[in-house]
Amino acid sequence: MASRQSSAPLARDNDDCFPNNESPGAEIAILPKDVSLSVNYLPTKFSTGLLSPAPRRRRGKADPQLPKRGGGREAFKSGEARMPEEGDEDYDGITGGWFGGKGKEGGHTRPRMRWNKFKWALFTANICLSIYALTGLIFCLLTWFDVFEHADIVRVGNRTELILSTVATTLAAVTSVIGWAGILMNNRSFLAVYTFLLWICFAFLVTPGYITYKQRTFNLEGKINSQWSRALGAEGRLRIQNRLHCCGYFSPFVEATVSQTCYARSVLPGCKAAYLSFEKHVLEIWYTIAFSLVPLQIAIMVTGLLCSNHITYRFGKGMMPKAYRLSMNSMAVIMDNYANQLAEQYGSDVASDIITRSRSNLQLGSLGYNSVSATTTSTGGGGRHDSFASRPEVM
């Protein structure tokens, strides 16, 4: 009877450990993978505000009782915390101007931000990408708009290569814009997309180079013969004749398209020699430019891979990893196990006193815990002690 009476306050105190008047059985139903019991890990590299409910340090007022928070350029020094506070510089693009200028916030001037060497490397690499992407895109557009003297010949005879080159330069230009957004805003998500798109740009860069090299190197004359006879058609042959000032393929009597300057008694030469010479020259320039950009593109890709995650010295996303977050359920299980171990070693009275003082020292009341009396009762001479959660509720 005494054992039943002594368990009554324990049952009432145990109800206080579970919010929303949930029964102990509801805690037992929680899966083990949903409860973090990592209490032996001391995350010294995390911000103090994540580990202690102490008052936050005000900006501009140094408090010797509060340790310095992490982030910024000093993050990797020995003994420094790596998790930034809300006002730290290099805080993932949330604070400060794009170029680290001074800005007014909260009535004071923020310190001038500095770019690290990784950010400068990304900045230089993206400048190179932007220059060659915009230059190539401009030349492709001018070709499509027939600005150059022989641009129409390229549009007719090298349409596939021109489309691929336009796609490559457009994609490279879009990628450089995403890179600028990630670099100037210190956004690692943008830089991850930027690094991935660099590989796609590399594929589209070498494709037209390979096609033009293969076409010029292997039997270009036979390919020109087949193209004039089968692929160009009357309209395509007419456009080439007008640009090269020729008539027919060998002569006005062989596969010629009749026009005001090309007819049976025309004195214009055939188009084969001029067209073949033009294609040799254009294709050589094409694959030379494409392959000469490959080392630069590879350097940009390597720079993106190595530097995109170090745009600032901030560690991670500035958040406590989920594996080390203690919930209400976790604390209930931890305190239950702790009380059972103390009761087994020192007895129920000592365990109750230690648990009470532990709750006061850990300031569990600020987290929603009430001060409870961790009293356990022994059965069969005190050799074994029941768990808090296994106690029946006494009405």
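Residues numbered from 1 in each chain as written. Predicted model: local features only at pLDDT ≥ 70, side-chain atom pairs only at ≥ 80, totals over all residues. Heavy atoms only, no water.

1. Here we look at the side chain of Ser-165
By secondary structure assignment, the location of Ser-165 is in helix H6 (residues 159-185). Residue classification places Ser-165 among the buried positions, given a relative accessible area of 9%. Here Trp-286 takes part through its side chain, which lies 3.0 Å from a polar atom of the side chain of Ser-165. Setting aside its immediate chain neighbours within four residues, Ser-165 contacts Cys-140, Pro-208 and Trp-286. (Helix = DSSP H or I, 4+ residues; strand = E, 2+ residues; numbered from the N terminus. Buried < 20%, exposed > 50% of the residue type's maximum accessible area, 1.4 Å probe, protein only. Polar contact = N/O pair within 3.5 Å; in protein donor to acceptor, adjacent residues only side chain to side chain. Contact = heavy atoms within 4.5 Å.)

2. Topic: the state of the cysteines
The final tally for this structure, using the stated rule, is two disulfides. Note that Cys-247 is cross-linked by a disulfide to Cys-262, the S-S spacing being 1.8 Å. Every disulfide takes its handedness from the sign of the S-S torsion; for Cys-247 and Cys-262 that torsion is 70 degrees, giving right-handed. Linking Cys-247 in the loop between helix H9 (233-244) and helix H10 (272-292) with Cys-262 in the loop between H9 and H10, this pair joins segments that are 15 residues apart in sequence. With relative accessibility at 0%, the residue Cys-247 sits in the buried group. With a relative accessible area of 1%, Cys-262 lands in the buried category. Along the protein, the cysteines that take part in disulfide bonds pair up as 1-4, 2-3, counted in sequence order. (Disulfide = S-S within 2.5 Å.)

3. Details of the pattern of salt bridges
Per the counting criterion, the structure on display carries six salt bridges. The salt bridge involving Asp-146 is made with Arg-243; its shortest N-O contact spans 2.6 Å. Residue Asp-146 is located in the loop between helix H4 (117-144) and helix H5 (151-157), and its partner Arg-243 is located in helix H9; the two are separated by 97 residues in the primary sequence. A relative accessible area of 24% means that Asp-146 is categorised as partly exposed. Between Glu-284 and Arg-216 there is a salt bridge whose closest N-O contact spans 3.6 Å. (Salt bridge = Lys/Arg side-chain N within 4 Å of Asp/Glu carboxyl O.)

4. Section: the nonpolar core
Grouped together as the largest cluster of nonpolar side chains are 21 residues, with contacts concentrated most on Leu-129, Tyr-132 and Ile-300. Elements supplying a minimum of two residues to this core: H4, H6, helix H7 (188-217) and helix H11 (294-307). With six residues, the single largest contributor to this core is H4. Counting residues in each nonpolar core, the second largest holds 19 residues, with Leu-162, Ile-240, Tyr-275 and Leu-283 among its members. (Core = buried A, V, L, I, M, F, W, Y, C linked by side-chain atoms within 4.5 Å.)

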